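# A closer look at the structure
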Amino acid sequence: REGRRGEGVMPDGLLALGRALGGFLDPASLAYAVGATLLGIMVGVLPGLSATLAISLLTTLTIKLPPNDAILILVCAYVGAIYGGSRTAILLNIPGTAANAAACLDGYQLALQGRAGRAMGIATTGSVAGSVLGILCLASITPWLAEQALSFQSYEIFWLALFGVLMSGTVVGGDPLKGWIMGALGLFAAQIGQDGIHAHERFAFGDPDLAGGLSLIPVLVGAFGCAEVLTVMAERAARPRLHPVDSILPRIRDVLRYWKTILRSGAIGVTMGILPGVGEDMAAWSSYAAAKRLSRTPEQFGQGSVEGLIAAETGDNAAIPGAMIPALALGIPGSAPAAVLLAAMIIHGANPGPMLIIQQPQFIYDVVAMNLIATLAMLIFGLTLVRPMLVVLAVPRSVIMPIVLVLCAVGAFAIASRLFDVWVMLAVGVAGFGLRRFGYPMAPFVLGLVLGDLLDKSLRRGLVLSGGEIEPFFTRPICALLAVVVALTLALNVPPVRTGWHRLRGAIGARPARR
């Protein structure tokens with residue numbers, strides 16, 4: 001693409017965005033975008049499948065496409081899957097993806113009241129609004145953050161990678177310790193094979209396949225494809241009961257009445273997306289909680305509140321572009337789907353991270369244009385294909401899941417034509433299925449795997465630059481700040497420390513009251 005040449009400054013924003021949009025207006029790219037968004041919505045509609053699964057499989061199936069078209073397909077599938085999950089959340093009280101769990105609280109209640117169509121119109125309005133707000137932040141924050149990151153050295157990158165894995169383990173799931181264990185497993189898995197600096201074999205045990213390392217995509221397909229298939233098949237199938245659907249056209253007065261909620265939820269969603277490993281589900285719950293706390297009618301939340309539904313759907317969709325901000329500017333993904341997307345970008349020749357602004361400044365606006373096209377396609381399908389899309393729910397999972405499993409095997413093999421990758425995919429899938437049964441989340445494992453190589457190289461390069469001294473990892477200002485944040489995050493999740501902290505806060509808060 002014309003704008004991808006080494007430049008020291010970012011191109012003019014509007015000009016670069018116009019150039020990016022113009023590059024995607026050919027019939028082939030539009031067809032890819034429409035088809036991928038529709039496929040993403042179908043994946044989101046099916047409970048048990050996820051956006052991460054869709055991106056993982058499509059990464060393997062689009063490996064031979066031109067880079068821009070391949071990444072466009074992945075972005076559209078990402079946006080479509082997060083949006084599509086709201087359909088089953090509203091009609092069945094079953095979130096299609098984890099990001100749509102908060103939409104169940106009020107969306108299903110509206111369906112029980114005979115307003116399922118209105119609920120889906122509200123969800124569409126919130127999703128589009130959240131996506132647009134996130135895109136604006138993606139276009140404005142990413143170049144600035146990338147410029148700031150140019151001053152980062154290996155010391156700061158090490159702490160950022162470690163903070164990302166730690167945050168993911170802390171937030172995802174109910175037990176931080178289990179999340180940290182999975183993050184550590186991901187970091188360990190990333191060390192298998194030849195190291196990235198001197199090509200020494202590590203943990204290969206003389207096996208030439210292990211010496212080549214664990215390819216990222218087969219591991220991701222196993223963790224989010226094979227494991228999800230096994231998880232879904234292990235659960236008893238429930239016959240869906242669909243509620244009648246009335247008019248799905250969103251009402252302008254809902255948007256005007258709750259514009260403050262939309263803006264606030266969009267800001268929360270983007271913030272949650274930027275935090276490494278937090279993801280869209282936490283963005284939805286945080287937006288919902290903030291809306292309830294600041295609402296004039298909090299008693300209606302959970303009883304069919306339009307404000308609650310629009311807050312949840314705005315938040316989770318705003319987190320999608322938000323998760324791409326650190327992925328592009330720092331090379332650190334904000335969510336599990338963004339981690340797979342980051343890996344796909346690297347496979348297709350992009351270089352996400354601080355050097356992106358120097359080497360490929362146009363690529364940032366290419367991704368912005370991809371999100372805009374995906375949002376437009378989401379809006380069109382959201383208003384026109386509600387009833388036809390529900391037919392997907394009638395397909396037995398005994399038909400869908402074997403097809404998904406075959407695609408997982410084909411995708412794992414397609415990356416490097418190695419049968420070893422298929423065995424890795426199956427092994428990770430079976431292990432992931434077992435770990436999920438005991439409450440161990442997979443997102444920290446994936447983030448640890450993605451960031452493991454970056455963390456390892458940054459640590460070793462930093463030690464080389466400092467002559468083997470560790471002081472620069474703690475004495476540089478940003479490093480010191482990140483080290484304190486990491487230490488506090490660890491400490492505050494130790495039960496005795498957390499209990500003492502809450503008691504101290506309670507005692508401090510009680511003093512003014514006594515006076």
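What this report covers is the structure whose coordinates are included nearby. Every chain begins its residue count from 1, and numbering advances along the sequence as written. With the structure being a predicted model, the display of local features is reserved for residues of pLDDT at least 70 and the display and counting of side-chain atom pairs for 80 or more, all residues being used for whole-chain, interface and lining totals. For the side-chain quantities, the full set of heavy atoms in the structure was used; hydrogens and water were omitted.

### Description of the overall build of the protein chain
Secondary structure follows DSSP: runs of H or I at least 4 residues long count as helices, runs of E at least 2 residues long count as strands, and numbering of each begins at the N terminus. Along the backbone of the protein chain there are 24 helices and two strands. Only protein chains enter the area calculation, which uses a 1.4 Å probe; residues under 20% of their type maximum are buried, those over 50% are exposed, and those in between are partly exposed. A total of 515 residues make up the protein chain; the buried ones form 55% of that total. Approximately 21,700 Å² of the protein chain is accessible, and the part contributed by carbon and sulfur atoms is 66%. Every accessible area reported is derived by Shrake-Rupley at a probe size of 1.4 Å, with residue values counting cover from the shown protein chains alone.

### A closer look at the nonpolar core
The biggest cluster of nonpolar side chains holds 128 residues, and the ones touching the most others in it are Tyr78, Trp159, Met324, Met345, Phe363, Phe445 and Val446. Residues within four places of Trp159 in sequence aside, it is in contact with Phe473, Phe474, Cys479, Leu482, Ala483 and Val486. If you look at the next biggest cluster of nonpolar residues, it comprises 20 residues, including Leu91, Met120, Tyr258 and Ile262. To define a nonpolar core, start from buried Ala, Val, Leu, Ile, Met, Phe, Trp, Tyr and Cys residues and group those joined through side-chain atoms within 4.5 Å. Working rule for contacts: check all heavy atoms of both residues, and any pair within 4.5 Å makes them a contact.

### Here we look at a nonpolar patch on the surface
Residues Val484, Leu488, Leu492, Val494, Val497, Trp501, Leu504 and Ile508 make up a contiguous nonpolar surface patch of about 680 Å² in total accessible area. Elements with a contribution of two residues or more to the nonpolar patch: α23 (477-492) and α24 (495-514). Per element, the largest residue contribution to the nonpolar patch is four residues, and it comes from α24. Judged by its relative accessible area of 48%, Leu488 falls in the partly exposed class. Patch membership is restricted to residues that have no salt bridge and whose relative accessible area is over 30%. Joining uses 9 Å for like charges and 5 Å for the nonpolar side chains Val, Leu, Ile, Met, Phe, Trp and Tyr. By definition, a salt bridge exists where a carboxyl oxygen of Asp or Glu is found within 4 Å of a side-chain nitrogen of Lys or Arg.

### What about the state of the cysteines?
Two cysteine sulfurs form a disulfide in these notes if their separation is within 2.5 Å. Taken as a whole, this structure holds zero disulfides when the rule is applied. Cysteine Cys408 shares no disulfide, and the gap to the nearest cysteine sulfur, in Cys226, comes to 6.4 Å. Overall, Cys408 belongs to the buried group, its relative accessible area being 0%.

### Description of the pattern of salt bridges
Going through the model one piece at a time under the given rule, you end up with six salt bridges. A salt bridge links Arg460 to Asp195; its shortest N-O distance comes to 3.0 Å. Of the two residues, Arg460 sits in helix α21 (residues 443-465) while Asp195 sits in the loop between β1 (193-194) and β2 (201-202), which places them 265 residues apart along the sequence. Its relative accessible area of 6% is what places Asp195 among the buried residues. Several salt bridges share partner residues, and in doing so they unite Asp195, Arg202, Asp456 and Arg460 into one network.

### Structural notes on helix α10 (residues 216-234)
Expected span of a helix, by definition, is 1.5 Å for each gap between consecutive residues, and there is one gap fewer than residues. Spanning 19 residues, α10 covers 26 Å between terminal C-alpha atoms, matching the ideal 27 Å at 1.5 Å per step. Take the seven residues that end at a residue and the seven that start at it, fit an axis to each, and the angle between those axes is the bend at that residue. Maximum bend of α10: about 35 degrees, positioned at Gly222. Burial within α10 is extensive, with 15 of its 19 residues counted as buried.

### Some remarks on the packing of helix α5 (residues 101-112) against helix α14 (residues 306-330)
Running from N to C, α5 and α14 cross one another at 140 degrees; their axes reach a closest spacing of 8 Å. Considering the angle they form, α5 stands oblique to α14. Regarding α5 and α14, the two cross each other, and that crossing is left-handed. Residues Ala102, Ala103, Asp106, Gly107 and Leu110 of α5 form the contact with α14, whose own contacting residues are Gly308, Leu309, Ala312 and Glu313. Three classes are used: nonpolar for Ala, Val, Leu, Ile, Met, Phe, Trp, Tyr, Cys and Pro, charged for Asp, Glu, Lys and Arg, and polar for all others, with Gly counted as polar. Taken together, the residues of the contact of α5 with α14 break down into five nonpolar, two polar and two charged. Note on geometry: axes are lines fitted to C-alpha atoms, helical ones only across the stretch in contact, with angles between N-to-C directions running from 0 to 180 degrees. Note that the term roughly parallel is reserved for angles under 35 degrees, roughly antiparallel for angles over 145, roughly perpendicular for angles of 65 to 115, and oblique for everything else. Crossing handedness is read from the near helix: turned anticlockwise from the far helix by less than a right angle, it gives a left-handed crossing, and turned clockwise, a right-handed one.

### Let's talk about the packing of helix α3 (residues 51-61) against helix α19 (residues 397-416)
Packing of α3 against α19 brings their axes to within 8 Å, and their N-to-C directions diverge by 50 degrees. With respect to α19, the axis of α3 lies oblique. Crossing of α3 over α19 shows left-handed handedness. For the pair formed by α3 and α19, the contact residues are Leu53, Leu57 and Thr60 on the first element and Val404, Leu407, Cys408, Gly411, Ala412, Ala414 and Ile415 on the second. Classifying every residue of the contact of α3 with α19 gives eight nonpolar, two polar and no charged.

### Regarding the layout of surface pockets
Note on definitions: the grid is 1 Å and covers protein atoms alone; a cavity is a set of points where a 1.4 Å probe fits but cannot get out; a pocket is an open set with protein on both sides within 12 Å along at least five of seven lines; lining residues have an atom within 4 Å of a point. Grid points are joined across faces, edges and corners, and a volume is the space filled by probe spheres set on the points. Taken as a whole, the second largest pocket holds about 1,100 Å³ of empty space. Contributing elements (two or more residues each) for the lining of the second largest pocket: α7 (154-171), α8 (176-191), β1, α15 (336-347) and α21. In terms of residue count, α21 provides more of the lining of the second largest pocket than any other element does, seven residues in total. Class assignment of the residues belonging to the lining of the second largest pocket gives a composition of 21 nonpolar, 13 polar and five charged.

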